[in-house]
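Residue-level structural notes
Listed below are the residues making up each chain.
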Amino acid sequence: MFIFPKNLYTDVRIENVCLNQIAYRNGELLQSLNRNQKGAFIRIFDGHRWYYSSTTNMDRIQEEIDKLALMAKENEDILDNPIVKKFEVNKGEYLYFKDKDISNVKYEDKLQLLKSYFPIIENVEDIKMWRAIYIDRKIIKEFYSSKGAELKFDYQTCGIALRYGLNVDGKTFNGKYDKTSTSFDDLKGLEENIKEIIERDIEFVKHAKPIKPGKYTVVFSPTATGVFTHESFGHKSEADFMIGDETMMKEWAIGKKVGADNLSIVDTGDILGSGFVPFDDEGTKSRKTYLIKDGLLSGRLHSIITAESLNEDLTGNARAVNFEYEPIVRMTTTYIEPGEKTKEELISEIKEGILIVDVNHGSGMSTFTIAPSISYMIRDGKIAEPVNISVISGNVMETLYEIDGISKEMEIVTFTLGGCGKMDQFPLPVGMGGPYIRVNNVNVQ
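The structure contained in this document is the topic of the report that follows. All of these numbers come straight from a predicted model, not from anything done at the bench.

Comments concerning the overall build of the protein
Secondary structure summary: the protein contains 10 helices and 23 strands in total. Computed over the C-alpha atoms, the radius of gyration of the protein is 24 Å, within 12% of the 22 Å expected from 2.2 N^0.38 for a compact globule of 445 residues. Across its three principal directions, the C-alpha atoms of the protein cover 70 × 55 × 30 Å. Taking all 445 residues of the protein together, the buried fraction comes to 55%. Taking the intrachain contacts of the protein between residues at least 6 apart in sequence as the baseline, contacts between residues at least 24 apart amount to 73%. For the protein, the centre of its 55 positive side-chain charges and the centre of its 68 negative side-chain charges are spaced 2 Å apart.

What about the packing of aromatic side chains?
The final tally for this structure, using the stated rule, is 20 aromatic pairs. Arranged with centres 6.3 Å apart and planes meeting at 75°, the rings of Y134 and F184 form a pair that is edge-to-face. Taken together, the residues Y134 in strand β5 (residues 127–145) and F184 in the loop between β7 (171–181) and α5 (191–207) connect sequence positions 50 residues apart. Owing to a relative accessible area of 0%, Y134 belongs among the buried residues under this scheme. With 5.4 Å between their ring centres and 45° between their planes, F153 and F279 make a pair best called tilted. Taken together, the residues span a long stretch of sequence, with F153 in strand β6 (residues 150–168) and F279 in the loop between β10 (265–268) and β11 (289–293) at a distance of 126 residues. Given the relative accessible area of 2%, F153 is considered buried. Note on F279: relative accessible area 2%, which makes it buried. Through a chain of ring-to-ring contacts, the aromatic side chains of Y9, F41, F45, W50, Y52 and F87 assemble into a single cluster. Directly above the ring of F279 sits K285, whose terminal nitrogen or CZ lies 6.0 Å from the centroid.

Focus on α5
One turn of an α-helix holds 3.6 residues; hence residues three or four places apart share an orientation. With 17 residues, α5 should cover 24 Å at 1.5 Å per step; its first-to-last C-alpha distance of 25 Å lies within 8% of that length. Among the residues of α5, those classed as buried are I194, I198, D201, I202, F204 and V205. In a view along the axis of α5, the buried residues occupy a sector of 160°, so they form one face of it. Exposed and facing more than 90 degrees away from the buried side of α5 are E192, E196 and E199.

Re the pairing of strand β23 (residues 431–444)
Along β23, 12 of the 14 residues are buried, which leaves the element largely enclosed by surrounding structure. As defined by bridge partners, strand β9 (residues 214–220) adjoins β23 across six bridges and the pair is classed as antiparallel. Of the residues in β23, the one forming a bridge with V218 is V439. Two strands pair when backbone bridges link them, and strand β15 (residues 333–336) and β23 are joined in this way by three bridges, in the parallel orientation. Following the sheet pairing, Y335 is matched in β23 by G433. Here two bridges tie strand β19 (residues 392–395) to β23, and the two strands are oriented antiparallel to one another. For I392, the partnering residue across the bridge sits in β23 and is V444.

A closer look at the state of the cysteines
Going through the model one piece at a time under the given rule, you end up with zero disulfides. No disulfide involves C18; its sulfur sits 12 Å from the nearest other cysteine sulfur, which is in C158.

Things to note about the pattern of salt bridges
Applying the stated criterion across every chain yields a total of 30 salt bridges. With its nearest N and O atoms 3.6 Å apart, the salt bridge here joins E63 to K67. Placement of both E63 and K67 in helix α1 (residues 61–71) is noted, with a separation of four residues, approximately one turn of the helix. The exposure class of E63 is partly exposed, given its relative accessible area of 37%. On the basis of relative accessibility, which here comes to 41%, the residue K67 falls in the partly exposed class. A salt bridge links E385 to R379, with the shortest nitrogen-to-oxygen separation between them at 2.6 Å. The structure contains a network of salt bridges with shared partners spanning R13, E15, K141 and D281.

Observations concerning a negative patch on the surface
Taken together, the side chains of E74, E76, D77 and D80 make up a negatively charged region of the molecular surface. With respect to the helices, strands and loops of the structure, E74 is situated in the loop between α1 and α2 (82–86).

Section: the environment of V17
Note on placement: V17 falls in strand β1 (residues 9–25). With a relative accessible area of 18%, V17 lands in the buried category. Through-space distance from the C-alpha of V17 to that of V277 is 15 Å; in sequence the pair is 260 residues apart. When residues no more than four places from it in sequence are discounted, the contact partners of V17 are R35, N36, Q37, R137, K138 and I139.

What to know about the environment of G259
Looking at where G259 falls in the secondary structure, it is placed in the loop between α7 (246–251) and β10. According to the relative accessible area criterion, G259 is buried, its value standing at 0%. C-alpha separation for the pair G259 and M397, spaced 138 residues apart in sequence, amounts to 7.2 Å.

Here we look at the pairing of strand β18 (residues 382–388)
As paired elements, strand β8 (residues 209–210) and β18 share two bridges and run parallel to each other. Note on β18: the bridge partner recorded for P210 is N388. One ladder, built from three bridges, connects strand β17 (residues 367–379) with β18; its direction is antiparallel. Following the sheet pairing, I378 is matched in β18 by I383. Once β17 ends, the chain turns through two residues before running back antiparallel as β18, passing D380 with a positive phi of about 50°.

Rules used in this analysis
- Residue numbers here run from 1 along each chain, matching the order of that chain's written sequence.
- Residues qualify for local features only when their pLDDT is at least 70, as the model is predicted, and side-chain atom pairs are given and counted only at 80 or more; totals for whole chains, interfaces and linings, by contrast, use all residues.
- Here the side-chain values reflect all heavy atoms present in the structure, with hydrogen atoms and water set aside.
- By the criteria applied, helices consist of DSSP H or I runs no shorter than four residues and strands consist of E runs no shorter than two, each listed in order from the N terminus.
- The globule rule is 2.2 Å times the number of residues to the power 0.38, and the radius of gyration it is compared with is taken over C-alpha atoms.
- Burial here depends on accessible area, computed with a 1.4 Å probe over protein chains only, as a share of the maximum for the residue type. Under 20% is buried, over 50% is exposed, and the range in between is partly exposed.
- We call two residues in contact whenever any of their non-hydrogen atoms come within 4.5 Å of each other.
- Positive charge is attributed to Lys and Arg, negative charge to Asp and Glu, and no charge count is given to His or to the chain ends.
- Positions of charges follow a simple convention, taking NZ of Lys, CZ of Arg, CG of Asp or CD of Glu.
- In this scheme Phe, Tyr and Trp rings, the latter by its six-membered ring, pair at centre separations within 6.5 Å, and the angle between planes marks the pair as stacked below 30 degrees, edge-to-face above 60, and tilted otherwise.
- By the criterion adopted, a ring carries a charge over it if an Arg CZ or a Lys NZ lies within 6 Å of its centre and within 35 degrees of its normal.
- Here a helix's expected span is defined as the number of its residues, less one, multiplied by 1.5 Å.
- As used here, the arc belongs to the directions running from the helix axis to the C-beta atoms.
- When DSSP finds two or more bridges between two strands, those strands count as paired.
- Two cysteine sulfurs form a disulfide in these notes if their separation is within 2.5 Å.
- A carboxyl oxygen of Asp or Glu within 4 Å of a side-chain nitrogen of Lys or Arg is what we treat as a salt bridge.
- Exposure above 30% relative accessible area and no salt bridge define the residues that can form patches, which grow by joining like charges within 9 Å and nonpolar side chains of Val, Leu, Ile, Met, Phe, Trp and Tyr within 5 Å.
- Only the protein chains shown count as cover for residues, with accessible areas throughout obtained via the Shrake-Rupley method and a probe of 1.4 Å.

Structure follows, in structure tokens:
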């Protein structure tokens with residue numbers, strides 16, 4: 001397809017993106033976006049330096065290759081370069097959504113689906129302002145390399161997002177509902193779920209009291225577990241943070257005991273949803289990577305460069321937010337594996353604690369912070385009154401040892417809006433989640 005220059009490593013990543021977004025505020029149309037864009041990212045490696053280019057003109061890809069080759073220095077031993085030797089040579093067509101292509105669904109059907117949920121919000125007196133958003137994204141990627149890689153694969157997501165402001169007896173609250181899937185049909189028939197969430201939020205606002213600050217045993221919902229896992233541990237597992245950092249490498253030594261015996265954390269691109277990535281942006285096939293296995297540090301996330309630098313195996317985690325950027329180490333779907341208890345058992349064994357149902361946001365590396373949106377006290381083994389919590393926090397490595405219960409039930413969470421940010425690449429779609437987990441000695445404010 002392309003004429004690759006001799007004695008250099010070259011790869012080309014082509015992306016064909018179809019994006020649709022419909023947004024309403026208080027019943028008035030704010031946005032109706034349909035965008036089709038195609039672009040390519042080209043790079044050349046001569047064993048010493050990388051040379052990059054991107055273009056939206058598909059007819060100029062060969063020209064861009066030739067330009068980059070003039071800047072590079074020929075290297076007869078390029079195929080023996082340790083970095084180049086790491087590249088996989090995958091071939092084939094992997095169009096998972098060919099028969100359920102979201103871009104084939106009519107615009108009118110997407111619009112009508114979104115509008116069908118308006119009456120639920122409009123009929124709630126306590127909702128003073130609301131937004132309703134439909135969004136879908138279909139991406140077909142191609143990857144070609146001078147080593148012989150020839151790939152074509154796709155992924156897609158679609159979702160409904162509702163955002164609303166409540167005013168209940170003078171108390172305000174920002175509520176939300178999200179449903180994201182890879183299938184348009186999964187977005188239908190959500191009426192009862194939406195009603196339940198709105199009713200829950202209203203009751204929460206009516207009765208929630210401020211929490212007494214202190215250290216508590218906390219049960220995290222799958223959403224809270226996912227945010228904790230992604231923000232506080234997932235980012236620490238991205239190997240580019242460790243290159244040249246001897247302190248972090250010592251802290252992050254493979255085989256080191258880092259958490260409770262029953263704790264296992266995984267990252268994989270094979271789960272359908274926002275983090276589904278069958279191949280990464282260097283043509284590496286997705287695989288299941290244990291970051292922690294039975295409490296022991298078992299792996300980290302890699303690009304070609306970081307895997308070679310640390311002499312470790314590839315994981316399929318080189319990702320770019322779009323064709324204008326180079327791939328860097330990013331998560332796909334990161335989650336804690338399920339345990340043996342039920343949610344009810346986790347709660348029943350707590351004299352006084354907290355259940356976190358939903359969160360606003362989180363952050364972390366060595367120290368994590370999570371801002372809950374919906375939380376309840378646990379008293380004598382039962383869910384009690386709702387409480388307002390500003391933030392929970394703790395040291396990541398200490399907290400991993402404080403996990404003393406993990407439920408059988410688990411859920412992978414994908415968010416309709418936003419995504420993961422790193423460096424200047426935002427928002428990158430990712431998945432997260434896990435079971436209910438019980439954590440002791442959590443700082444609560």
